[in-house]
Amino acid sequence: MIRRARIPDAKSIHKLLIGYAKDGLMLSRSLAEIYETIRDFYVFEEDGEVVGTVSLNICWEDLAEVRSLAVSESSGLKGIGRQLVMACLEEARQLGVRRVFALTYKPGFFEKMGFHLIEKSELPHKIWSDCIKCAKFPECDEIALSIEL
């Protein structure tokens, strides 16, 4: 079941994200940062356990980012990630956002949902503020994709 994240979910979200961050697949997010942005998150709950998460970050009047997408290894390949991204896209539509992007190492996943490859240079400089925290900065090797809503 997908639902909006709540304060008690923060530690479970952090645990999911830290696993991906340790593998170099996403930026680490501190527990404090998760608490501060908890309203941006969705979770997928299964048998009372958070097994997936994602957040929608509004960047500008017409641009948002799908970020912090993580699904537990034991729950992979069940369509949970797709459902979480679709929840973000629906919220973006409701908010009137016209374009959503993602930075990822798995472009095929997003392409199956209608995202298309773009040059990172097409994105506004504002979105790179979190990238300074990344060990790979400024040699970003993530792939940028976007979808028009």
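Residues numbered from 1 in each chain as written. Predicted model: local features only at pLDDT ≥ 70, side-chain atom pairs only at ≥ 80, totals over all residues. Heavy atoms only, no water.

### Describing the environment of serine 74
Thought 1: Position of serine 74 among the secondary structure elements: in the loop between strand E4 (63-71) and helix H3 (80-95).
Thought 2: Among the residues examined, serine 74 registers a relative accessible area of 63% and is labelled exposed.
Thought 3: A sequence separation of 23 residues divides serine 74 from valine 51, and the C-alpha atoms of the two residues are 8.3 Å apart. (Helix = DSSP H or I, 4+ residues; strand = E, 2+ residues; numbered from the N terminus. Buried < 20%, exposed > 50% of the residue type's maximum accessible area, 1.4 Å probe, protein only.)

### Details of the side chain of threonine 104
Thought 1: Mapped onto the fold, threonine 104 is located in strand E5 (residues 99-104).
Thought 2: A polar side-chain atom of threonine 104 sits 2.9 Å from the main-chain amide nitrogen of lysine 106.
Thought 3: Apart from the residues lying within four places of it in its own chain, the contact partners of threonine 104 are Phe110, Glu142, Ile143 and Leu145. (Polar contact = N/O pair within 3.5 Å; in protein donor to acceptor, adjacent residues only side chain to side chain. Contact = heavy atoms within 4.5 Å.)

### Notes on the packing of aromatic side chains
Thought 1: Under the counting rule described, the total for this entry stands at two aromatic pairs.
Thought 2: Seen in terms of ring centroids, phenylalanine 109 and phenylalanine 110 are 5.0 Å apart; in terms of plane orientation they differ by 90°. Their pairing is edge-to-face.
Thought 3: Given a relative accessible area of 29%, phenylalanine 109 falls into the partly exposed group.
Thought 4: A relative accessible area of 4% places phenylalanine 110 in the buried class.
Thought 5: Ring plane angle 75° and centroid distance 5.2 Å describe the contact between phenylalanine 110 and phenylalanine 115, whose orientation is recorded as edge-to-face.
Thought 6: Following the ring pairs from residue to residue traces out a cluster consisting of Phe109, Phe110 and Phe115.
Thought 7: Taking the ring centre of tyrosine 42 as reference, the NZ or CZ of arginine 4 above it sits at 4.5 Å. (Phe/Tyr/Trp six-rings, centres within 6.5 Å; stacked < 30°, edge-to-face > 60°. Lys NZ or Arg CZ within 6 Å of the ring centre and 35° of its normal.)

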